[in-house]
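Reading the structure
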4 protein chains.
Amino acid sequence: MIKVGIVGATGYTGVELLRLLANHPQVSLDCVTSRSEAGTMVSSLFPNLRGHVDQEFTAPDVDRLASCDVVFFATPHCVAMAMVPELIKRGTRIIDLSADYRLRNATQWQQWYNMPHTSPELLSEAVYGLPEVNREVIRDAQLIAVPGCYPTATQLGFLPLLEQGLIDPNHLIADTKSGVSGAGRKAAIGALLAESSENMTAYAVSGHRHLPEITQGLNDVSNLPVNLTFVPHLTPMIRGIHATLYGQLTQHAGDLQTVFEQRYADEPFVDVLPAGSHPSTRTVRGTNVCRIAVHQPQQSNTVVVLSVIDNLVKGASGQAIQNMNLMFNFPETTAINTIAALP
Amino acid sequence: MIKVGIVGATGYTGVELLRLLANHPQVSLDCVTSRSEAGTMVSSLFPNLRGHVDQEFTAPDVDRLASCDVVFFATPHCVAMAMVPELIKRGTRIIDLSADYRLRNATQWQQWYNMPHTSPELLSEAVYGLPEVNREVIRDAQLIAVPGCYPTATQLGFLPLLEQGLIDPNHLIADTKSGVSGAGRKAAIGALLAESSENMTAYAVSGHRHLPEITQGLNDVSNLPVNLTFVPHLTPMIRGIHATLYGQLTQHAGDLQTVFEQRYADEPFVDVLPAGSHPSTRTVRGTNVCRIAVHQPQQSNTVVVLSVIDNLVKGASGQAIQNMNLMFNFPETTAINTIAALP
Amino acid sequence: MIKVGIVGATGYTGVELLRLLANHPQVSLDCVTSRSEAGTMVSSLFPNLRGHVDQEFTAPDVDRLASCDVVFFATPHCVAMAMVPELIKRGTRIIDLSADYRLRNATQWQQWYNMPHTSPELLSEAVYGLPEVNREVIRDAQLIAVPGCYPTATQLGFLPLLEQGLIDPNHLIADTKSGVSGAGRKAAIGALLAESSENMTAYAVSGHRHLPEITQGLNDVSNLPVNLTFVPHLTPMIRGIHATLYGQLTQHAGDLQTVFEQRYADEPFVDVLPAGSHPSTRTVRGTNVCRIAVHQPQQSNTVVVLSVIDNLVKGASGQAIQNMNLMFNFPETTAINTIAALP
Amino acid sequence: MIKVGIVGATGYTGVELLRLLANHPQVSLDCVTSRSEAGTMVSSLFPNLRGHVDQEFTAPDVDRLASCDVVFFATPHCVAMAMVPELIKRGTRIIDLSADYRLRNATQWQQWYNMPHTSPELLSEAVYGLPEVNREVIRDAQLIAVPGCYPTATQLGFLPLLEQGLIDPNHLIADTKSGVSGAGRKAAIGALLAESSENMTAYAVSGHRHLPEITQGLNDVSNLPVNLTFVPHLTPMIRGIHATLYGQLTQHAGDLQTVFEQRYADEPFVDVLPAGSHPSTRTVRGTNVCRIAVHQPQQSNTVVVLSVIDNLVKGASGQAIQNMNLMFNFPETTAINTIAALP
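What you are looking at is a predicted structure, and each value in this text was computed from that prediction instead of being measured. (Residues numbered from 1 in each chain as written. Chains lettered and ligands numbered in written order. Predicted model: local features only at pLDDT ≥ 70, side-chain atom pairs only at ≥ 80, totals over all residues.)

A few points about the overall build of chain A
- Check the secondary structure of chain A and you find 11 helices and 14 strands.
- For chain A, whose C-alpha radius of gyration is 20 Å, the value lies close to the compact-globule estimate of 20 Å for 343 residues.
- Here chain A, with 343 residues, has 59% of them falling under the buried criterion.
- For chain A, long-range pairs separated by at least 24 residues make up 71% of all intrachain contacts whose partners lie at least 6 apart in sequence. (Helix = DSSP H or I, 4+ residues; strand = E, 2+ residues; numbered from the N terminus. Rg over C-alpha atoms; globule rule 2.2 N^0.38 Å. Buried ≥ 20, exposed ≤ 12 C-beta atoms within 10 Å, placed from the backbone. Contact = placed C-beta atoms within 7 Å.)

Some details on the relation of the copies chain D and chain C
- If you rotate chain D by 180 degrees and push it 0.0 Å along the axis, it lands on chain C with an RMSD of 0.0 Å. Taken together, the rotation angle and the small translation identify this as a two-fold axis. Residues of chain D ranked by C-alpha distance from the rotation axis are headed by glutamate 198 of chain D, positioned 4.2 Å from it.
- Looking at the interface residues of chain D, 100% of them are also at the interface in chain C, so both copies use one shared face. (Least-squares fit on C-alpha atoms with pLDDT ≥ 70 in both.)

Details of the interface of chain D and chain C
- In this complex, chain D contributes 22 residues to the contact, which on the side of chain C involves 22 residues.
- Here the element with the most residues in the side of chain D that touches chain C is helix α1 (residues 12-21) of chain D; it accounts for three residues.
- Tallied by class, the residues present in the side of chain D that touches chain C amount to 12 nonpolar, six polar and four charged. (Nonpolar A, V, L, I, M, F, W, Y, C, P; charged D, E, K, R; others polar.)

Focus on the relation of the copies chain A and chain D
- Mapping chain A onto chain D leaves a residual RMSD of 0.0 Å; the transformation is a rotation of 180 degrees accompanied by 0.0 Å of translation along its axis.
- Comparing contact sets, 97% of the residues at the interface of chain A also lie at the interface in chain D, consistent with an isologous, same-surface contact.

Details of the sheet that holds strand β7 (residues 143-145) of chain D
Residue and element names in this part refer to chain D.
- The seven strands lie next to each other as β3-β2-β1-β4-β5-β7-β6, forming an open sheet whose pairing is parallel. Of all strands in the sheet, those bounded by a partner on one side alone are β3 (57-58) and β6 (127-128).
- In this sheet, β7 lies alongside strand β5 (residues 93-96) in parallel orientation, the contact comprising three bridges. Pairing of isoleucine 95 across the sheet is with isoleucine 144, part of β7. (Pairing = 2+ DSSP bridges.)

Section: the domain arrangement of chain A
Residues and elements named next belong to chain A.
- Domains assigned within chain A are domain 1 (2-125) and domain 2 (149-311).
- One C-alpha centre belongs to domain 1, the other to domain 2; they are set 27 Å apart.
- Each partner contributes residues to the interface: domain 1 has eight residues there, and domain 2 has seven residues.
- Among the residues forming the side of domain 1 that touches domain 2, the class breakdown is four nonpolar, two polar and two charged. (Domains from an automatic or database assignment.)

Digging into the pairing of strand β4 (residues 70-73) of chain B
Residue and element names in this part refer to chain B.
- Both faces of β4 are covered, namely the face carrying Val70 and Phe72 and the face carrying Val71 and Phe73.
- The pairing of strand β1 (residues 2-7) with β4 spans four bridges and is classified as parallel. Bridged to isoleucine 6 within β4 is phenylalanine 72.
- In this sheet, strand β5 (residues 93-96) lies alongside β4 in parallel orientation, the contact comprising four bridges. Paired with valine 70 across the two strands is arginine 93, which belongs to β5.

Overview of the interface of chain A and chain D
- In this assembly, 39 residues from chain A lie in contact with 38 residues from chain D.
- At the level of secondary structure, the elements contributing two or more residues to the side of chain A that touches chain D comprise β8 (172-178), α8 (193-196), β9 (201-202), β10 (228-234), β11 (241-248) and β14 (302-309) of chain A.
- Among the residues forming the side of chain A that touches chain D, the class breakdown is 16 nonpolar, 18 polar and five charged.

Focus on the environment of valine 53 of chain B
Residue and element names in this part refer to chain B.
- Note on placement: valine 53 falls in the loop between α2 (42-45) and β3 (57-58).
- Overall, valine 53 belongs to the buried group, with 20 C-beta atoms counted inside 10 Å.
- What valine 53 contacts, discounting residues up to four positions off in sequence, is Leu18, Ala22, Val42 and Ser43.

As for the sheet that holds β11 of chain A
Residue and element names in this part refer to chain A.
- Spatial strand order, β9-β10-β8-β11-β14-β13-β12: seven strands in an open sheet with mixed pairing. Here the strands that pair on one side only, and so sit at the sheet edges, are β9 and β12 (270-272).
- Packed on one face of the sheet, helix α10 (residues 256-263) meets β12, β13 (290-295) and β14 and runs near 160 degrees to β13. (Axes fitted to C-alpha atoms, helices over the stretch in contact; angles between N-to-C directions.)

Thoughts on the packing of helix α7 (residues 149-163) of chain D against helix α11 (residues 313-327) of chain D
Residues and elements named next belong to chain D.
- Across the interface, α7 lies against α11 with an axial gap of 8 Å and an inter-helix angle of 100 degrees. Considering their axes alone, α7 and α11 lie roughly perpendicular with respect to each other. Between α7 and α11, the contacting residues are Cys149, Thr152 and Ala153 on the first element and Lys314, Gly315, Ala316 and Gln319 on the second.
- The class makeup of the residues in the contact of α7 with α11 is three nonpolar, three polar and one charged. (Parallel < 35°, antiparallel > 145°, perpendicular 65-115°, else oblique.)

Considerations on unusual backbone geometry
- Residue leucine 342 of chain C is joined to proline 343 of chain C through a cis peptide bond whose omega torsion reads 5 degrees.
- Checked against the element boundaries, proline 343 of chain C lands in the segment after α11 (313-327).
- Non-glycine residue glutamine 298 of chain D carries a positive phi angle of around 50 degrees.
- Mapping glutamine 298 of chain D onto the fold places it in the loop between β13 (290-295) and β14 (302-309).
- Of the residues examined, glutamine 298 of chain D has 14 C-beta atoms within 10 Å and is grouped as partly exposed.
- The phi dihedral of alanine 335 of chain D falls on the positive side, at around 70 degrees, and the residue is not glycine.

Examining helix α11 (residues 313-327) of chain B
All names here are of chain B.
- Spanning 15 residues, α11 covers only 18 Å between terminal C-alpha atoms, well under the ideal 21 Å at 1.5 Å per step.
- Along α11, the sharpest change in direction is near 45 degrees and occurs at glutamine 319.
- With 15 of its 15 residues buried, α11 lies for the most part within the structure. (Expected span 1.5 Å × (residues − 1). Bend = angle between axes of the 7 residues up to and from the residue.)

A look at the environment of threonine 13 of chain A
Residue and element names in this part refer to chain A.
- Structurally, threonine 13 can be placed in helix α1 (residues 12-21).
- Residue threonine 13 is classed as buried on the basis of its C-beta count, with 29 C-beta atoms lying within 10 Å.
- Leave out the neighbours within four places in its chain, and threonine 13 touches Ala74, Leu97, Leu312, Ala316 and Ser317.

Quick notes on the confidence of the model for chain A
- Put simply, chain A has an average pLDDT of 97, and 100% of its residues get 70 or more.
- We note a pTM of 0.98 for the whole complex and an ipTM of 0.97 for its interfaces. (pLDDT = per-residue confidence, 0-100.)

Things to note about the pairing of β8 of chain A
Residue and element names in this part refer to chain A.
- Burial of β8 is extensive: seven of the seven residues sit out of reach of the surface.
- Because side chains alternate across β8, one face comprises the buried residues Leu172, Ala174, Thr176 and Ser178, and the other comprises Ile173, Asp175 and Lys177, equally buried.
- Summarising the sheet, β8 and β10 pair through seven bridges and their orientation is parallel. Bridge pairing in β10 links alanine 174 to phenylalanine 230.
- Sheet analysis places β8 next to β11, joined by six bridges and oriented antiparallel. For threonine 176, the partnering residue across the bridge sits in β11 and is alanine 243.

Here is the structure:
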């Protein structure tokens, strides 16, 4: 049994952490913090948790957090980096769902987030929490940067091809579609149902903050520098990411299906579909699974990878718990082996 | 460990049974039948079950079904009543999610379903599987008729008031709203997204098949005959029923909130919200919970009850498993104590 | 050709006014005001208007507004009443889409809007702009209070029955369902797609501001005081109101269908459907039509009226233009005789 | 005034033709045919047309159709080609919204539609009805093949770049997203709201029938053979297509924005957005407009074009009327100059 704290649990990744951790047999939830909601019952803000989470939000308190075995940050960027150094010093393990420790380069971070990083010394220590790449390092990490939602779906789709040098790193395209919960639980006109339902639109084509994160991850496995065109779209649904990935084959393609199946044969949360399949986001809703299919239309040299996740689970809170399970030697699938409700 | 069979698992209540039973530690799934899909992998039709249900659909076989401890019928009406008598004879216990055994009166059944009932002798033996009313009888039942979705939400909302004689049974109104999954997994133009999205409409105002079922259940607890106006509506969402119930108080209202809280104090799946609340269907999505609030606007003599369920869980498959748990002395909440994913 | 001004055109009723007026052959749009967006192109905020409205938002200017033949207020409550008295003095005609002049009783207004009314002297002068009731008075009015969305759908449904004394005014129930655009174009967490999609919920059961407005209108045609239970619901769609209305017949019902058909025989924007029909909101989307059906289920003494409108057209901007057409002797249907796009 | 017939008006392109033609001052609707619905009032099947279209469906009759000035086919493929040759012989002009005359090569047609073409002699005579390419030829055409929805959005996006030789024709990618009305008004499980809402999925990645149509059109303007990877997706909305197009610049890019603005400067229905914009499908809903934006992210050599249309208007019925306007010398925008209702 470990003692867990959650900082900033009033957003969507927070409530999703609470939903999943409520069924974790090894977790004792010590504190759920929120400055703005301190004193409110968690289940009053999130009535789905009535009968499952019987706690109040409390103001964040460093001593109490430091007494936890692990603290999750489910906060907007810049919050974690203000508290993490102190907690790290006191030996608490950290799983940060925000973007604060995802980029290893402080200058690059500043360029994309428009402010200086306040604990750059921790950037090299932080482990990028993608178990399919970093499983062993994660086990011993003190500070985990949980990957973003687009980066998870995109990297899992490109990795088998890049690792084997099968595609040209210089011409990658990721056309990605996300449900609106990716924008977080904050009042914004563009995310109103009246604005985003019955509508499809691209956004941030000139540059999205997940681009450097994806590029960093892909560069790690590529022998040549990666050049990625990344176009995110807003889709009229609550949850789900569909990444449609395009690469140019550099050689006669062998059996791409086998490449993917072998790469993920032992992965509990990556499901390579049979050849010719089209994964749909609803089959992973509420689950930690990434479903992938690979196609080579008209046998041209363009390979198409379809990769779907739930942005709030494998793209955030579920992956965070997967990291925690690894860090504390729990079975990796504990509490996150859920099945999507269909329809 | 009990052996379970499911007849007709290609519909929405079928896949929901499979999702929930996959996590039931006391259940061994023996067979999943479908005439049309025999030979197909269940997880090929329902990819959400990949990695969780590793079985093929088989053609229904009476001997195999009879060897099960319990058989669920997740079929359209008229299918169960063709097979149930034989299975009953051979000692198999039956949980029928269809309408075949819900009405005790065969003449009335024929009138609403436009064909004669073929096993009327079992109607009196069948137990109406609403645990909040019939828990003790359910434990020993051989044949359970699982309540319909509208009837579950409506009866749970009216019961406390009728049992106490607080409202006039002669003037009940149930204005109910359902997601389109209530129409089942069958190709129908009216249920297309292009037809039913961005749309709200009433239907079957002149008479819906759930009306006699609700009336029968309410009459059982009322000292005077019930007269119910029942208006169902189609709502542009997948899951969820919202029943808005209106009654005329027959006497000075005491504390209606207490009436509801006391009635359901020991019910694991009925959650009476604090006074002044408005339950929303998304808080019960994927769960077996009925959330209820009671209001008396402007202190007039009209009482308003708001009652929400997931039509496929508490309104069908979850309630079916709740019945099974009672019948086999498993803890009542086993496998159905899930939490809604929000948002 | 008349000169038109619009105050506060950055909301949903504003953009809808602009869409409809752009096709009005007798209207010259003089100014579109918005304090916050002054200097912005209207078509930059609302790209659907590109090529149709070639104007900037301007800061509201009394002199310029006073020079218009008619000024629409598409503002939150309390804005119109600050400017209208001056404009009235200067002879400008006013069509107020907000709630400021809908209630005739200033005390009641204060009670529901939590602040004193600042131009109570105009309340008796204002004409309630429901053409189906007040057509002749509207023609000569200087100040129109455009009815709210729920009040329009509800009154049009109850009027034929109350006017004929066919139902008991003491036991009226309006169970109403609205799309989320009714909440306006303002950032609010509850109206996010992630919160309000795949969800159904009642709200404001204890008292909604449209209740006194509806009651006032119904009292005007009833010989006995009206007692209405009004329960609004939020429905996961953008546009549309579905009002389901319940009344108790006071006498042997004659042919209710004929009552409705005769009442609305000459109304260009009320469409009584054939007996047995169920109107759906999508058939009135983007149009000024109210579609109505009347039912008497099981021949009991409860009558059920189904009434649907588009909350932003017949429930706001379309009705405002219908009033304008009457005031300036244009054909009543000019610019608002649109057809719903289906699907 | 011309006499118009519509064959097969029970589908979505049919009802959309009826909606738009109802407002066309030069059109007299002679007959609306449907074998299955003969005798039914059109407005009974499509209640949005009540008060606007007062006609019955009739069984298709060649003599009556031949007496029309123009006949629209809003039918599944293979229906038009059975009747068109006879009508052509009798001098009737034809606007075919189906796929029957879109491909010039009968062998290719047979390969994609799995049956022989029965009037291949007309393929060379048919004019591809994309006014932005073929305006002058359309004026005199007797037989128009209205482009498909994906082909319209995709070609309009690629044309300016290909015509100028700015991108490599050998590496084109079209990642397209469509609302479900694109699947037509036919009962199919995959298009149910319960299946396609809250879901995103690609389909037909191995080969979609619109691929050869797009390739044919692009080859017409390209000096080198076009190689296109075309991946369509199903999006949980009713209407709208969002095409995200990728090309590799062959030379130092000049001002791409100007290229697009100049190409479409005189086009009434193509709206090039300001640099940096992201068109959204809702701004073209119900309209004949194609909105386009061009981007060059990170100044790499990958150009991204965003192109949106309403699949049922510019992607079908609106474009069909645009063709008719050209053929009969009506102002090109008559009856199709509508404004999207927003929200």
